[in-house]
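# Observations on the three-dimensional arrangement
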Amino acid sequence: SERTIYVAIASYRDYQCRDTVTSIFERAKFPERVRVGVTDQIVEGEDGPCDAPYRPCKEDPEQMLCKYKSQLDVYQVDAPLAIGPVFARHLGHRMYRGEYYYMQSDAHVTFTRNWDEDIISQQEATKNEMAVLSTYLSDVVGNIDKNGKSLINTRPIMCNTDYESGQKNKYLRHGSQPEAVPTIRGTPQLEPYWAAGYSFSRGHFVVNVPYDFHQPMIFQGEEMSIGIRGFTIGYDFYAPERSVCFHHYAEGANKKARNKVPHYWEHTNIYAGAGTKAMYRLLGVVHMNPEIDRTEWDHTEE
């Protein structure tokens, strides 16, 4: 009856990671049922660790990072060793411990009050064991109040994608997604694509559609890989009917602060050429690059 949730976050030198974790626990109706796993890629001494509270726990033990310390697992990685979100999220998957539900989130997200109860009710409304609720999140600015109440009745839906060239390959890249009041009420709406920034499903999604750790330096392409592999073994993707969290985009009021956050590709020169071969593998696994000789990529655990 107590359905647990595992939340995986991949963070690269993100000052808002600890705020995201705080929001997860603080806004949950049943925080005792939530466990968070963070792959925290930082420069020690320069970046604040995701599990470090703003004040010592002895001074303020009621801080979420103190109160729920036993439910927060952080795997710290030296930033120069970071090879992209695919490998970071693979590490997050490896911290899964059989929770009933699995949720994936970016490291700069603010949650609504009682988000856990809301998203579970939406998932169960699909009456589909293989339902995956996933979307590009709406911007936080103007859409949520200080108490965690959503101020909007619209939601994004994943239906916009096109081919893009990069890393000597062509792959599908999702663009900006339309947002409107749902026309289907009482249940999430089926959609064709999966989004890495937010995903909620039964926990077996992690086991059946794992991140491929043989894909270093991949950014664009991960969503296509997970989406196609998930769909072909029976998972269905849905747009949530209501937003339970909002994204801090590098625009508007957050533009200046978010643009100061470094990206993993600041160390691209260390791993020159790795991304091209990884993209060959990513596309090859789902048979989307028949023109490339199969000997061009690593087939380990394919």
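The present account deals with the structure reproduced in this document. What you see is a predicted model; the values in this text were computed from it and never measured.

Turning next to the side chain of asparagine 128. Within the secondary structure layout, asparagine 128 lies in the loop between α4 (115-125) and β6 (131-134). Among the residues examined, asparagine 128 registers a relative accessible area of 18% and is labelled buried. In this structure the side chain of asparagine 128 is engaged in a polar contact, spanning 3.1 Å, whose partner is the side chain of tyrosine 238. Leave out the neighbours within four places in its chain, and asparagine 128 touches Gln123, Asp236 and Tyr238.

This brings us to the state of the cysteines. Applying the stated criterion to the full structure yields two disulfides. Between cysteine 17 and cysteine 50 runs a disulfide, and the two sulfur atoms are separated by 2.0 Å. The sign of the S-S torsion, about -80°, decides the handedness of the disulfide formed by cysteine 17 and cysteine 50: left-handed. In this pair, cysteine 17 sits in helix α1 (residues 17-27) while cysteine 50 sits in the loop between β2 (34-42) and α2 (64-67), placing the two residues 33 residues apart along the sequence. For the pair formed by cysteine 17 and cysteine 50, the shared burial category is buried. Cysteine pairing for the protein chain (bonded cysteines numbered in sequence order): 1-2, 3-4. Left unpaired, cysteine 245 is separated from the closest cysteine sulfur, that of cysteine 17, by 14 Å.

This paragraph deals with the environment of histidine 90. Mapped onto the elements of the fold, histidine 90 is located in helix α3 (residues 85-94). For histidine 90, a relative accessible area of 9% translates into the label buried. The residues touching histidine 90, leaving out its near neighbours within four places in the chain, are Tyr211 and Phe213.

Evaluated as defined, the whole model comprises nine aromatic pairs. Note on phenylalanine 205 and tyrosine 235: the rings are 4.9 Å apart at their centroids and 85° apart in plane angle, and the pair reads as edge-to-face. With a gap of 30 residues between them, phenylalanine 205 in helix α5 (residues 204-208) and tyrosine 235 in the loop between α6 (222-231) and β13 (236-239) connect regions that are remote in the sequence. Of the two residues examined, phenylalanine 205 and tyrosine 235, each falls in the buried class. These aromatic residues form a ring-pair network of at least three members: Tyr6, Tyr96 and Tyr102.

Rules used in this analysis
- Residues numbered from 1 in each chain as written.
- Predicted model: local features only at pLDDT ≥ 70, side-chain atom pairs only at ≥ 80, totals over all residues.
- Heavy atoms only, no water.
- Helix = DSSP H or I, 4+ residues; strand = E, 2+ residues; numbered from the N terminus.
- Buried < 20%, exposed > 50% of the residue type's maximum accessible area, 1.4 Å probe, protein only.
- Polar contact = N/O pair within 3.5 Å; in protein donor to acceptor, adjacent residues only side chain to side chain.
- Contact = heavy atoms within 4.5 Å.
- Disulfide = S-S within 2.5 Å.
- Phe/Tyr/Trp six-rings, centres within 6.5 Å; stacked < 30°, edge-to-face > 60°.

Function cannot be inferred from these measures alone, as they are strictly geometric.
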